[in-house]
Amino acid sequence: LHHVDGKVYVIFSNEEKEFGDGSICFIEVEDERMSSRAFDDSFGPLDLGAIHQFLKTLESKVIDPAFTKVVLRCRHNCFQATNCVFLLGCFLILRLQMDPSGVFRLLDPLSDLVVPFRDISPGGQTFQLYLHDCWTALHKAFLFGWISPDLQGWSASELARGSDHTQTRVHEIIPGKFIVACEPTPQSCPLDGGEARDKRLARRLWSLPEALRHHSVQAIV
């Protein structure tokens, strides 16, 4: 059992047995709303949806006077442990406004099970993405005002819509500066007839330039 901050503790265990009395609250980090959705062999940091859900869940238990300890329980598995430590770091940065170096020092005792994130590319990785890299990016976004500590303005429904692979996706990564757009492909459209599918694809492809004009795009890479 490792003490993180205040009421917050974390434990890595494959046992589901709870300990203590009713004053100890357990949060299962493997909750599907706070877990990564791997694509093929990818293993990447959790998205804003999972971070938002984690912050809401953790804070609701921390402020509850009925609990003297809030224990995050995670399986003794390197992937789950890495995601758990990542979420804890996000909490410390966004809620307690710690810097990445301070977060790294505080959570270093949990590093034995932590592994680098990897992308979908098969075979050996040509780069390593570490927790400190992710926390540094999150902290920089916070300092620049791209995100607020309470993630105000973030929309769960917008994330769900943008994650729909059958739709044309336009994501404003840095407001007014950097946009990521993805065109749908014939394979991503519902397979309910070739002609109908092709018409829908054509409409979505036609809508992409209009969406980019709406954002005053000046260059496409």
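Structure shown above.
Residues numbered from 1 in each chain as written. Predicted model: local features only at pLDDT ≥ 70, side-chain atom pairs only at ≥ 80, totals over all residues. Heavy atoms only, no water.

1. Quick look at the pairing of strand β1 (residues 2-5)
Right, on to step 1. With three bridges joining them, β1 and strand β2 (residues 8-12) adopt antiparallel strand pairing. Along β2, the bridge assignment pairs Asp5 with Val8.
Right, on to step 2. Hairpin connection, β1 to β2: the antiparallel pair is bridged by two residues, and Gly6 has positive phi, about 55°. (Pairing = 2+ DSSP bridges. Helix = DSSP H or I, 4+ residues; strand = E, 2+ residues; numbered from the N terminus.)

2. A short note on a nonpolar patch on the surface
Right, on to step 1. Taken together, the side chains of Leu143, Phe144 and Trp146 make up a nonpolar region of the molecular surface, amounting to roughly 330 Å² of accessible area.
Right, on to step 2. You can see Trp146 is positioned in the loop between α4 (131-143) and α5 (156-162).
Right, on to step 3. Take Trp146: its relative accessible area is 33%, and that puts it in the partly exposed class. (Patch = residues over 30% accessible without salt bridge, like charges linked within 9 Å, V, L, I, M, F, W, Y side chains within 5 Å. Areas by Shrake-Rupley, 256 points an atom, 1.4 Å probe, with all protein chains shown as cover. Salt bridge = Lys/Arg side-chain N within 4 Å of Asp/Glu carboxyl O. Buried < 20%, exposed > 50% of the residue type's maximum accessible area, 1.4 Å probe, protein only.)

3. Observations concerning helix α3 (residues 100-107)
Each full turn of the α-helix corresponds to 3.6 residues, which orients residues three or four apart in the same direction.
Right, on to step 1. The complete set of buried residues in α3 reads Pro100, Gly102, Val103 and Leu107. Buried residues in α3, looked at end-on, bunch into an arc of 160°, giving them a common side.
Right, on to step 2. Where α3 is buried, its residues contact β1, α2 (78-94) and α4.
Right, on to step 3. Between the side-chain oxygen at the start of α3 and the backbone nitrogen of Ser101 there is a gap of 3.0 Å, and the oxygen is on Asp99. (Arc of directions from axis to C-beta. Contact = heavy atoms within 4.5 Å. Polar contact = N/O pair within 3.5 Å; in protein donor to acceptor, adjacent residues only side chain to side chain.)

4. Describing the environment of Leu72
Right, on to step 1. Here Leu72 lies in strand β4 (residues 69-74).
Right, on to step 2. Here Leu72 falls in the buried class, since its relative accessible area comes to 0%.
Right, on to step 3. Along the backbone, Leu72 and Cys25 are 47 residues apart, and their C-alpha atoms lie at a distance of 8.5 Å.
Right, on to step 4. When sequence neighbours within four positions are dropped, the list of residues in contact with Leu72 reads Val8, Tyr9, Val10, Ile11, Ile27, Val29, Phe54, Leu58 and Leu88.

5. Details of the environment of Leu106
Right, on to step 1. Assignment of secondary structure puts Leu106 in helix α3.
Right, on to step 2. Each C-alpha atom, one on Leu106 and one on Val4, is 7.2 Å from the other, the two residues being 102 residues apart in sequence.
Right, on to step 3. Apart from residues no more than four positions distant in its own chain, Leu106 is found in contact with His2, Val4, Leu92 and Met98.

6. Side note on the packing of aromatic side chains
Right, on to step 1. On inspection of all chains with the given rule, the structure shows two aromatic pairs.
Right, on to step 2. Note on Phe86 and Phe117: the rings are 6.2 Å apart at their centroids and 90° apart in plane angle, and the pair reads as edge-to-face. Highlighted residues: Phe86 in helix α2 and Phe117 in the loop between α3 and α4, separated in sequence by 31 residues.
Right, on to step 3. Look at Phe86 and you get buried, because its relative accessible area is 5%.
Right, on to step 4. Taking the relative accessible area as the measure of exposure, Phe117 reaches 2% and is therefore buried.
Right, on to step 5. Relative to Trp146, the ring of Phe144 lies with its centre 5.0 Å away and its plane at 85°, an arrangement referred to as edge-to-face. (Phe/Tyr/Trp six-rings, centres within 6.5 Å; stacked < 30°, edge-to-face > 60°.)

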